[in-house]
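# Examination of the molecular architecture
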Amino acid sequence: MTASSDIGIKSFGAYIPRRRMPRAVIAAAHAWALPALKSLAKGEKSFCGWDEDAITMAVEAGRDCLRGANDSAAIVGLRFASTTAPYADLQNAAIVGAALRLAESRSSADLSGSVRAGLSALGQSLEESAGGDQLVIASDRRSGKPGSTQELLYGSGAAALRIGRGDDVIATFLGRESVVVPFIDHFRQSGEKFDYHWEERWVRDEGISKIVPRTVASLLRRLGIDVARVAHFALAGGPAGSDKLVAKALSIGPERVLPDLQAQVGDTGAAHPLLQLTAALERAAAGDIVVVASFSQGCEVLAFQVRQSASNPPNRGLQATLGRRIEESAYLKMLSFEGEIDIEWGMRAETDNKTALTQLYRIADQILGFVGGKCQSCEAVQFPRFPACVNCGAVDSQQPYPLAEESAKVATYTADWLQYSPSPPLYMGLVQFDNGARLLMEIVDVGQSGVEVDTPLTMNFRIKERDRQRHYDRYFWKAAPI
Amino acid sequence: MASGIKDKVAIIGMGCTRFGERWDTGAEQLLMEAFTEALGDAGIERKQIGAAWYGSAMERSVGNSAIPLATALRLEGIPVSRVENMCATGTEALRGAAYAVAAGAVDIALAMGAEKLKDTGYGGLPTLGKGSFADLWMPYGSAPAGFAQLAAGYRSKYKIPKQDLKKAIGRVSWKSHQNGVKNPKAHLRKAVEMDTILNAPMIAEPLGVFDCCGVSDGAACAIVTTPEIARALGKKSLVTIKAIALSASSGREWGTSQWDGSYVQNTRNAAAAAYREAGVTHPREELSALEVHDCFSITELVTMEDLGVSDAGNAWKDVLDGVFDADGVVPCQIDGGLKCFGHPIGASGLRMVYEHYLQLQGRAGARQLKDPQLGLSHNLGGVPYNGVCAVSIVGVEGR
């Protein structure tokens, strides 16, 4: 029933921050005041390092989606969906696209306003008739107020999907259904940090149970698909367990309900339905029907039919990023990363990190895209690009040379306990790329095993420094053990 | 072919303040304190100074430009310049003054270096910006973090177990504490046990607190002239400058794979140039004493190889064998070094020359070495792979 002219998903990527905190640790920290939180103390949640936000996670998911593709210049549009985008006026998608080295001539948009933004962005891209591939990325760095159930149940993550037409489509878009009602299960005013939630029983019984099944049924009816053919179903949004409730109401067996990711990640907001869709694509067989719904001020539902099972290498996608895990047991560390406690870091934290925006624009491809140079005289690959080659001194001899996906290892390192870092110690050292390039980099996500000379490294787009006076975060790339 | 400045410039007076936490002393007083000693030592008057070079690395400590020096010393109507080249700043001041004399531009010149670090509020050095370009990508590591990476490179290259190198660098600091006890102008004048050194809190792995030098206030200066004028002033047994060499990073070490992390190329460059200028061919045998840039213990260790005093991969054994102790083959940091004399950045290069100057004249008191002929001083600014090195050699005239 699908044809190669139909639009669909061509590739997908996911990113879950490596840091995972057992919910029991959070519950234990609040046990003196809120012993009932113990009932939620199962599994673990992902949380961002101090230097991660919705932009950096979006870049990582986007890279995962585009890895191995040599035609990212063919992407004509980028939609970035998030309820936690760092900037209110400065298009977040512009930074994400620059870090992904997308063509400058492209459409670009931020979508926000609700956790529904993720699936809406995907739906809009799929319905857009303009030619060329689109990239859709949803990313949320979700925070819950200390002691709230959201603190335990929210997680952080991002998912990316490449949309287009052609023989390389792996899942064809079948249709979309959207219902919008002023049902306010939770809200957060602009500028506020935390969501406010209404009673779960009302959300479940009066909201989800009445709105979602009818929306899904309406879409399936319109598409002429019997619910028995739905092989994978997911619902994002609402209290935990809502997906199973809706599946039961629709007569979709529990084995066909996609993982809600609560055990390992938590609710990732706008990113969640897209992450669940990637989970479906990772497990689906050719011909499978996938239905993904998002609940928020009504309901958004998208349906797909898998054309070919995904053949991602094992180091990609949701399962891979779930497996890259560092367990954290210091609750105060998470609070500090979230900005909920302000530790006395000493005078070194007083450094003024004002960014020269003039300078940033001049070398934006180097800083955001991590594009170095390759000397046409002596072939030395290098970063940054100075006017003269670091090796042979030839002037104006370098061609742009992207480094983000290149393999590298530790040449020298130390763990710096003196320099200010929001996550001490500051690991740093000379990073040696196999292609010959070398530069001094911060090394992040160092686990218990530490690093040594020759430890293999991967590159990560991160916040380099925060300007706490003017509120501009400086982004650059950091190395991490693979 | 340049002939160099060997024996073309004599040092006729030097001054150095006590280094340390000089809470009750401002920069202008430190400058005057060092200058007064040097003028008295030279036996000249202030108005005989024809030009001055002022080294100060931190704008936050003493201020921008050469005006703070001209004002503090009331140097009227003469050229006064400020130079800055990170930790090589003091030697840069001496280089400016010495070159002016050697060129015949002035008869008598002053080189002054000073830093008032304890007015910054920091333990250790303040974090400095790197300029609008590097700020966008280069991590802000602390100074110890820059040098600590030498340990990783050195260990890896020579397959040295972590604990063995830790002990060797601890021994570097132990020796300097032994020496500092005998120096009344030193910041830290207390011997320290090896166990204390090895178990101190970590600053930048593997460097603990005792692997890091003192952060001090202080000033040091030199008055230089030609040997002819020195003799006309009645000076005998002249101490002359044999060489001053400098090398700055072009980026090759941090920008290519050509550096293995176990040495400092700038030191090798500057040492080779200085040895050439001074006519030194066998440094381990010819140099009477070393004052090297022991900002961190690992720096001193690899510097012994970079200066050609130890063979490659052997410095850590030489250290443990006491080769650089006060009674060793090549005494190093006989005045306590940066480690214990202290490190007011702009003053350090001149402080090192001050110690050689005293030693060469037999005026070093309890720490006097026997019959020294040549002394080498060495500064490293920045970090091992991205910095600047100055090497100067002074000695008895005609040596």
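Here the residue numbers are simple positions, counted from 1 along each chain's written sequence. To read the labels, note that chains go from A and ligands from 1, taken in the order they are written. In keeping with the model being predicted, local features are shown solely for residues with a pLDDT of at least 70 and side-chain atom pairs are shown and tallied solely at 80 or more, while totals for entire chains, interfaces and linings include all residues. Side-chain descriptors were evaluated using all non-hydrogen atoms of the structure, hydrogens and water having been removed beforehand.

### A short note on the interface of chain B and chain A
- Contacts: residue pairs with any heavy atoms within 4.5 Å of one another. Contact with chain B, which involves 41 residues of that partner, is made by 43 residues of chain A.
- For this document, the term salt bridge refers to a Lys or Arg side-chain nitrogen within 4 Å of an Asp or Glu carboxyl oxygen. Here chain B is connected to chain A by two salt bridges.
- Measuring nitrogen to oxygen at the nearest pair gives 3.5 Å for the salt bridge that ties Lys162(B) to Glu452(A).
- Any N or O atom pair separated by 3.5 Å or less is treated as a polar contact, with the protein-specific requirement of one donor-capable and one acceptor-capable atom, and with residues adjacent in sequence counted only for side-chain atom pairs. Where chain B packs against chain A, one counts 20 residue pairs in polar contact (both at pLDDT 80 or more).
- Only DSSP runs of H or I reaching four residues or more are called helices, and only runs of E reaching two or more are called strands; each is numbered from the N terminus. The set of elements that each furnish at least two residues to the side of chain B that touches chain A consists of α4 (143-158), β5 (202-204) and α8 (252-255) of chain B.
- No other element matches the seven residues that α4(B) contributes to the side of chain B that touches chain A.

### Let's talk about unusual backbone geometry
- In this chain, Pro424(A) is followed by Pro425(A) through a cis amide linkage whose omega measures -5°.
- As for its placement among the helices and strands, Pro425(A) is situated in the loop between β19 (414-416) and β20 (426-433).
- Following Glu205(B), the chain continues to Pro206(B) via a peptide bond in cis, the omega torsion being 5°.
- Looking at the element boundaries, Pro206(B) is found in the loop between β5 and β6 (207-208).
- Despite not being glycine, Lys159(B) has its phi angle at roughly 55°, a positive value.
- Examined against the element boundaries, Lys159(B) turns out to sit in the loop between α4 and α5 (162-180).

### Re the packing of aromatic side chains
- Paired rings are identified among Phe, Tyr and Trp, the last through its six-membered ring, by centres lying within 6.5 Å, and are further divided according to the angle between planes into stacked (under 30 degrees), edge-to-face (over 60) and tilted (the rest). All chains considered together, the criterion is met by 22 aromatic pairs over all chains.
- Centroid distance Phe461(A) to Trp477(A): 5.2 Å. Interplanar angle 65°. Geometry classified as edge-to-face. Here Phe461(A) is found in strand β22 (residues 456-467), whereas its partner Trp477(A) is found in strand β23 (residues 472-481), with 16 residues between them in sequence. The burial state of Phe461(A) is the same as that of Trp477(A); both residues are buried.
- By way of ring pairs, the aromatic residues Phe370(A), Phe383(A), Phe433(A), Phe461(A), Tyr475(A), Phe476(A), Trp477(A), Trp137(B) and Trp254(B) are connected into one cluster. Exposure categories follow from relative accessible area, calculated using a 1.4 Å probe and restricted to protein chains: below 20% of the type maximum is buried, above 50% is exposed, and the middle band is partly exposed.

### Description of the pattern of salt bridges
- Summed over the entire model, instances satisfying the criterion amount to 59 salt bridges over all chains.
- One salt bridge connects Glu465(A) with Lys464(A), and the closest N-O pair in it is separated by 2.9 Å.
- Residue class for Lys464(A) comes out buried when judged on its relative accessible area of 5%.
- A salt bridge links Asp217(B) to Lys116(B), with the nearest nitrogen and oxygen atoms 2.6 Å apart. Pair noted here: Asp217(B) is in strand β7 (residues 217-225) and Lys116(B) is in strand β4 (residues 108-116), with a separation of 101 residues, a long-range link.
- Relative accessible area serves as the criterion here: at 0%, Asp217(B) is assigned to the buried category.
- Lys116(B) sits in the buried class, given a relative accessible area of 1%.

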